[in-house]
Amino acid sequence: MKLVEISMFITRWPLLGLVPPAAWLVSQDCENQILALLAGLGAGYRRHGDCAIHESAVVEQGAVLKGPIIIGEGSFVAAGAYLRGGVYLGSNCIVGPSCEMKSSFMLGGSKLAHFNFVGDSLIGEGVNIEAGAIIANYRNELDGADIKIRHGDNVIVTGVKKFGALVGDGCKIGANAVIAPGALLRPNTHVPRLGLIDQFAYD
């Protein structure tokens, strides 16, 4: 596990104070993780059930928010966006039109352009994901086999069927790229437009 400490990919992750050491364990328990953060959230948030939206954030009419959700200071969620299954947006994040986020964290200054899907993932700070790029979370072609990740010379057996990606700070993901389930993108990785990242450890 030391090879994939979340803090090696997302510098400010420890400031959230979450317990699970592995990204796939966080995303599997995302709703409870967000509920725990909601309980300790400071002032300056508007509360709507188990959704907390910072007073300076903008959520356009037509966005669908299914809590628990935290939307941080200065963030923007466009009409047609769909957030569900436990979602955390840090400060100054953007979720554009027709984007879907499911059971995911996205830290400060990161952006989804439009027509993106991000499932069961952790996204660091200053990440930009261009239009149409997908972070998939389920191995449909393997009938939902547990996610196994090839990382260097090692194979990590996660024990979970759904996990998208751990996306490090400063990554850039080009338009219409596909990040296959179980990706670990080191900070400042650039994925080209129409690119495919697949780190699954096939037998």
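Residues numbered from 1 in each chain as written. Predicted model: local features only at pLDDT ≥ 70, side-chain atom pairs only at ≥ 80, totals over all residues. Heavy atoms only, no water.

As annotated in an unreviewed UniProt entry, the protein is Transferase hexapeptide (Six repeat-containing protein) from Pseudomonas mucidolens.

Trainee: For the sheet that holds strand E6 (residues 76-77), give the residues involved together with the corresponding values.
Mentor: Pairing within the open sheet is parallel, and its 7 strands lie in the order E3-E6-E8-E10-E13-E18-E21. Each having just a single partner strand, strand E3 (58-59) and strand E21 (190-191) make up the two edges of the open sheet. Where strand E8 (residues 94-95) meets strand E10 (residues 111-112), 2 bridges bridge the pair, whose relative direction is parallel. Bridge pairing links Val95 to Leu112 in E10. (Pairing = 2+ DSSP bridges. Helix = DSSP H or I, 4+ residues; strand = E, 2+ residues; numbered from the N terminus.)

Trainee: Give me the lowdown on the packing of aromatic side chains, citing residues and values where you can.
Mentor: Here the structure, examined in full by the defined rule, presents 4 aromatic pairs. Ring centres of Phe200 and Tyr202 lie 4.9 Å apart, and the angle between their planes is 65°; on these two criteria the pair is classed as edge-to-face. Exposure remark for Tyr202: the relative accessible area of 43% places this residue in the partly exposed category. Following the ring pairs from residue to residue traces out a cluster consisting of Trp13, Tyr88 and Phe105. (Phe/Tyr/Trp six-rings, centres within 6.5 Å; stacked < 30°, edge-to-face > 60°. Buried < 20%, exposed > 50% of the residue type's maximum accessible area, 1.4 Å probe, protein only.)

Trainee: Summarise the side chain of Lys148; cite the residues concerned and give the values.
Mentor: On the secondary structure map, Lys148 appears in strand E15 (residues 148-151). Look past the residues within four positions of Lys148 in its chain and what remains in contact with it is Val155, Ile156, Val157, Gln199, Phe200, Ala201 and Asp203. (Contact = heavy atoms within 4.5 Å.)

Trainee: Lay out the nonpolar core with the relevant residues and their values.
Mentor: Counting 33 residues, the largest nonpolar core has Leu89, Val95 and Ile173 as the members making the most contacts within it. Elements represented by at least two residues in this core include exactly strand E2 (51-54), strand E5 (69-71), strand E7 (82-89), strand E9 (100-106), strand E17 (165-167) and strand E20 (183-185). It is E7 that provides the largest number of residues to this core, a total of 3 residues. Setting aside residues up to four positions removed in sequence, Ile173 forms contacts with Asn128, Ile129, Glu130, Ala133, Ile135, Val167, Ile179, Leu185 and Val191. Counting 28 residues, the second-largest nonpolar core is a separate cluster that includes Val4, Ile10, Ile70 and Ile149. (Core = buried A, V, L, I, M, F, W, Y, C linked by side-chain atoms within 4.5 Å.)

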